[in-house]
Amino acid sequence: MRKNLQITMTLLGITALVACSSPRPTADYRTIPLPHTIQMQDGSPFTVRESVKICYSQEEPTLRENAEFLALYLSEALGSTLPIEAVAHDANTPEDCIMLKLGLKASNPEAYTIEVNDRGIEISGKNESGVFYGIQTLRKSLPADPAAEILFPRVKIADEPRFPYRGMMLDVSRYFFTVDQVKEFIDLMALHNLNRFHWHLTDDQGWRIEIKHYPRLTEIGSHRDQTVIGKNSGRFDGKPHGGFYTQEQIREVVDYAAQRHITVIPEIDMPGHMQSALACFPELGCTGGPYEVFQQWGVSADVLCVGNPKTLEFVKNILEEVVELFPSEYIHIGGDECDKKHWKTCPKCQGKIRSLGLKTDCQHTAEERLQSNFTCEVERFLNARGRRLIGWDEILEGGLSPNATVMAWRGVDRGVEAARQLHDVIMTPTSHLYFDHYQSTDKEHEPLAIGGLSTVERVYSFEPVPAQLGEEERRHILGTQANLWTEYIPTFEHVQYMILPRLDALSEVQWCAPEKKDYKDFEQRLPRMLACYDRLGMNYARHILGVQTRVESDPTQKAVIIKLHTMGDAPIHYTLDGSEPTTSSPRYTAPLKITQSATMKACAIRPSGKNTVSTEQVTFHKATMKPIRLVHPIDKGYLFDGEKTLVDGLTGTPNYSTGRWIAFRGNDLEAVIDLESEQTISNVDLSTCVEKASWVFDARMITVEVSSDGKHFRRIVREEYPASGEDSPNGIITHHFAFDKVEARYVKVIACPEYSMPKWHIASGEPAFLFVDEIIIE
């Protein structure tokens with residue numbers, strides 16, 4: 001009996017010792033976005049447990065809502081709901097309390113501070129939004145796993161956002177999302193300290209907002225009979241798609257966002273992107289129709305007839321109701337991608353051009369000036385109701401009033417142009433902030449996307465204020481926004497996948513001062529957010545858990561250098577023979593120097609298992625890293641690493657925006673490669689990347705010529721190809737040319753693009769892009 005008691009006491013002692021030595025769940029203030037200053041203090045921490053109260057002053061009743069948010073967030077971590085109490089204004093702050101306060105002395109209206117000592121936590125804000133962002137920081141500091149008690153180390157945090165405009169756009173026209181899903185989108189924005197929800201409510205493919213003056217807009221315009229499969233393949237799914245928001249639901253969403261200190265900015269796109277409205281009112285189009293709600297992607301050539309006086313009346317009646325529904329200072333009128341070909345032949349539009357005395361000059365066409373006149377009419381209407389017009393950067397074309405704000409989407413240079421004209425600017429360039437773009441170069445294992453490439457790191461690298469702007473011009477950069485167009489995003493789970501974790505990178509671009517940004521440090525903080533997404537059941541993209549590769553050619557060493565990286569300290573294992581890497585494969589410790597053809601495969605090994613395998617194909621041939629010159633310029637939008645891309649030993653993936661391809665448009669690829677000595681050659685390969693819906697076509701003719709002196713060339717191959725049809729395949733097309741052996745030092749390859757896209761294409765008559773990668777010579 002005595003022995004058993006001794007064993008029992010020993011076991012209890014061991015259990016107590018283990019319990020005492022186990023680390024207690026502790027808050028980590030290095031959140032995303034990273035607070036401006038975090039000053040850790042000496043002394044005992046504060047323990048948050050179910051006995052702790054959330055308090056605010058009786059004289060600051062507007063903080064009740066924030067207190068309820070904090071109670072909700074803490075209940076998810078603690079498993080219990082903390083009581084909320086309004087205390088007398090002149091009373092001492094009670095112990096064991098999280099105190100919310102207003103009145104912080106700060107120049108930034110969204111500033112906040114957090115102070116933690118052994119008696120409690122105090123969150124102070126310049127106004128209610130500042131307190132809300134302090135609460136979000138506290139929320140994101142919580143441990144990933146629930147616990148009955150959480151330690152908050154003593155700290156002083158002072159924080160404020162860099163930009164007053166921190167936005168995210170959701171397109172609900174291409175695919176409709178429910179009110180609950182829109183609210184969930186807003187919740188994710190709140191988690192990341194965003195404050196502007198740009199709601200793209202109308203487009204060619206669907207009208208999503210109830211307008212009581214025009215019930216047909218939702219009776220007819222909110223439904224399309226079917227949807228094209230893939231990228232305007234010519235095949236359709238045969239399934240009706242539709243939906244719209246009642247005005248009551250609109251108000252519900254606006255209120256829901258306001259509670260989270262987010263302003264909803266509605267977009268009614270005009271005068272282009274209006275085919276869903278024209279399907280209801282064909283008399284407002286230049287041709288008179290008939291029209292149907294657009295069933296494919298891209299831009300419809302059918303736009304509002306701005307020469308018809310009924311059109312402006314129609315637009316004003318719609319905006320009258322929009323202004324009543326949305327208290328936002330800004331009303332977005334789109335203004336982008338308005339095809340003007342019908343205006344050029346429309347008697348009403350041409351008549352209005354003559355009556356206004358609009359002329360074509362070296363800067364703008366008469367039709368562009370007609371759109372500008374329409375935009376100014378709409379702006380006057382909005383200004384008279386105390387609102388400001390905002391639109392995509394096309395509204396600059398033809399002139400614009402100083403009050404209008406420009407969303408620069410076609411490039412940072414458009415924002416520079418607008419700021420220099422003293423317009424306020426929101427930077428939202430396709431190059432970095434289009435979240436409908438692919439997130440990885442591994443397109444084959446990704447859901448279908450519109451194209452492009454915007455990795456988490458690329459999003460993080462964006463600087464919204466161009467260095468070339470002067471001090472006064474810089475003040476006009478109000479902030480930045482990411483856009484999610486949904487042509488290829490039919491479900492809300494897919495929406496989550498496309499924005500997470502890129503939204504984390506965006507939040508630091510919007511919130512943090514440039515000198516505070518550090519991508520490696522960001523990666524160290526990101527796992528806590530991923531754990532939060534796991535807890536919330538979010539479908540986030542996991543590319544960042546895999547291996548990112550950076551590949552550079554080094555002509556001096558005649559080598560390809562491969563650098564591997566993954567988030568955190570997970571070991572990376574690789575192979576060079578194309579086999580699947582395992583824990584027995586070599587472990588990556590330094591850049592790989594490749595001097596012969598190889599297939600590199602790498603993966604990160606984590607406790608949860610092996611992640612996606614990254615692959616790089618390196619091909620050495622007679623032209624690899626040899627001097628090359630181009631006769632004609634590369635398209636400036638797809639310059640990447642220039643002509644050396646064609647001889648760097650690297651072949652492109654099916655995504656033409658990865659930097660492995662260069663593009664030509666309206667002129668030929670004409671490349672001359674110096675093999676540096678006479679060589680015997682008998683094969684030339686040239687690959688093109690085809691994505692017809694994105695205006696990317698195959699070559700129409702390819703010629704190979706050789707020379708001994710680089711001046712006098714003789715043709716050895718010439719192949720002509722028929723124009724692409726609607727059913728012609730997309731993807732990588734390899735053109736292989738085998739011929740009798742010849743001796744040559746110089747090889748010239750000429751590839752002619754499609755100069756005029758065929759009649760079946762939505763952009764018929766426009767020049768196509770020709771994307772080419774490695775020229776392989778053997």
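Residues numbered from 1 in each chain as written. Predicted model: local features only at pLDDT ≥ 70, side-chain atom pairs only at ≥ 80, totals over all residues. Heavy atoms only, no water.

## Notes on the overall build of the protein chain
Which entries qualify depends on this criterion: To qualify as a helix, a DSSP run of H or I must reach at least 4 residues; to qualify as a strand, a run of E must reach at least 2; elements of each kind are numbered from the N terminus. Each radius of gyration reported is based on C-alpha atoms, and the globular scaling rule is 2.2 Å times the count of residues to the power 0.38. Relative accessibility thresholds used throughout: buried, under 20% of the residue-type maximum; exposed, over 50%; partly exposed, between the two (1.4 Å probe, protein chains only).
Of the regular secondary structure elements, the protein chain holds 18 helices and 35 strands. Here the C-alpha atoms of the protein chain give a radius of gyration of 30 Å, agreeing with the 28 Å that 2.2 N^0.38 yields for 778 residues. Principal axes of the C-alpha set define a box for the protein chain whose edges measure 100 × 80 × 55 Å. Counting all 778 residues of the protein chain, 57% fall into the buried class.

## Observations regarding unusual backbone geometry
Here Ile-32 and Pro-33 are connected by a cis peptide whose omega angle stands at -5°. Structurally, Pro-33 is set in the loop between helix H1 (2–21) and strand E1 (37–40). Despite not being glycine, Asn-232 has its phi angle at roughly 45°, a positive value. Mapping Asn-232 onto the fold places it in the loop between strand E14 (223–224) and strand E15 (241–242). Unusually for a residue other than glycine, His-273 sits at a positive phi of about 55°. With respect to the helices and strands, the residue His-273 is situated in the loop between strand E16 (263–270) and helix H7 (275–278).

## Details of the sheet that holds strand E5 (residues 97–102)
Heads up, the rule is: At least two DSSP bridges between two strands are required for those strands to pair. Orientation is described by lines fitted to C-alpha atoms, with helices fitted over the stretch in contact, and by angles between N-to-C directions that extend from 0 to 180 degrees. Residue contacts are counted whenever heavy atoms from the two residues lie within 4.5 Å of one another.
Overall, mixed pairing links the seven strands, which are arranged E1-E9-E6-E7-E5-E3-E4 in an open sheet. Looking along the sheet, the strands with just one partner apiece sit at the ends: E1 and strand E4 (84–87). Mean inter-strand twist for the sheet, computed between neighbouring axes without regard to direction, equals 15°. Pairing analysis gives six bridges linking strand E6 (residues 112–117) to strand E7 (residues 120–125), with the strands arranged antiparallel. Its bridge partner lying in E7, Val-116 is registered against Ile-121. Seen against the sheet, helix H2 (residues 64–78) touches strand E3 (53–57), E4 and E5 and runs at an angle of roughly 170° to E3.

## Thoughts on the pairing of strand E18 (residues 388–392)
With respect to burial, E18 is a largely interior element, four of its five residues being buried. Sheet topology places E18 next to strand E19 (residues 405–408); three bridges connect them, and they run parallel. Bridge pairing in E19 links Ile-390 to Thr-405.

## Let's talk about the pattern of salt bridges
Counted only if it meets this: Any carboxyl oxygen of Asp or Glu within 4 Å of a side-chain nitrogen of Lys or Arg constitutes a salt bridge here.
Within the structure shown, the criterion is met by 40 salt bridges. Ionic pairing is found between Glu-463 and Arg-162, a salt bridge with its closest N-O pair at 2.9 Å. You can see Glu-463 sitting in the loop between helix H14 (456–460) and helix H15 (471–474) and its partner Arg-162 sitting in the loop between strand E9 (155–159) and strand E10 (165–171), a full 301 residues away along the chain. Ionic contacts of the salt-bridge type, sharing partners, join the residues Arg-30, Glu-508, Asp-521 and Arg-525 into one network.

## Regarding helix H18 (residues 519–536)
Under the convention used in this document: Multiplying 1.5 Å by the helix residue count minus one yields the expected span of that helix. The term bend refers to the angle at a residue between two fitted axes, each drawn through seven residues, those ending there and those starting there. In the analysis that follows, any N or O atom pair within 3.5 Å is treated as a polar contact, provided that within protein one partner can donate a hydrogen and the other can accept it, and provided that, for residues neighboring in sequence, both atoms belong to side chains.
Along its 18 residues, H18 runs 25 Å from first to last C-alpha, staying within 8% of the 26 Å computed at 1.5 Å per residue. Along H18, the sharpest change in direction is near 35° and occurs at Arg-525; proline Pro-527 comes one to four residues later. Structurally, H18 contributes buried residues whose contacts are with helix H3 (128–140), helix H4 (179–191), H14, helix H17 (502–511), strand E22 (548–554) and strand E23 (559–565). Measuring from the side-chain oxygen of the N-cap residue of H18 to the backbone nitrogen of Lys-520 gives 3.0 Å; that N-cap residue is Asp-518. Directly after H18, the chain includes Gly-537, whose backbone phi takes a positive value near 75°.

## Re the sheet that holds E19
Taken together, eight strands build a closed barrel; the order of strands is E10-E11-E16-E17-E18-E19-E20-E21 and the barrel is parallel. Strand-to-strand twist across the sheet, computed as the mean angle between neighbouring axes with direction ignored, equals 30°. Helix H11 (residues 366–383) contacts E16, strand E17 (330–334) and E18 of the sheet and is inclined by roughly 145° relative to E18. The strands that helix H12 (residues 412–420) touches are E19, strand E20 (425–427) and strand E21 (477–484); relative to E20, the one it contacts most, it runs at about 165°.

## Details of the side chain of Thr-480
Tracing the chain through its elements places Thr-480 in strand E21. Relative accessible area serves as the criterion here: at 0%, Thr-480 is assigned to the buried category.

## Describing the environment of Lys-126
Its location among the elements puts Lys-126 in the loop between E7 and H3. Residue class for Lys-126 comes out partly exposed when judged on its relative accessible area of 36%. It is 8.4 Å that separates the C-alpha atoms of Lys-126 and Ser-107, two residues lying 19 residues apart in sequence. Leave out the neighbours within four places in its chain, and Lys-126 touches Gly-103, Leu-104, Ala-106, Asn-108, Pro-109 and Ala-111. Here Ala-106 takes part through its backbone oxygen, which lies 2.7 Å from a polar atom of the side chain of Lys-126.

## Describing the confidence of the model for the protein chain
Spelled out, the test is: Across the chain, each position has a pLDDT score giving the predictor's confidence in that residue, from 0 to 100.
For the protein chain, per-residue confidence averages 93 on the pLDDT scale, and residues scoring 70 or more make up 97% of the total. Low confidence marks residues 1–20, where pLDDT is under 50. Its contacts with residues over four positions away, or in another chain, come to zero contacts.

## A look at the packing of aromatic side chains
Here the distance between the centres and the angle between the planes together describe a pair of aromatic rings. Short version of the rule: A pair of aromatic rings is counted whenever rings of Phe, Tyr or Trp (Trp by its six-membered ring) have centres within 6.5 Å, and the orientation is called stacked for planes under 30 degrees apart, edge-to-face for over 60 and tilted otherwise. Charge-over-ring placement is defined geometrically: NZ (Lys) or CZ (Arg) within 6 Å of the ring centre, and within 35 degrees of the ring normal.
Across all of its chains, the model carries 29 aromatic pairs by this definition. Note on Phe-132 and Tyr-133: the rings are 6.0 Å apart at their centroids and 70° apart in plane angle, and the pair reads as edge-to-face. You'll find Phe-132 and Tyr-133 in the same group, each marked buried. Ring-pair connections join several aromatic residues into one group, and the members of that group are Phe-176, Phe-185, Phe-197, Trp-199, Tyr-245 and Phe-326. Sitting over the ring of Phe-713, Lys-748 keeps its end group 4.5 Å from the ring centre.

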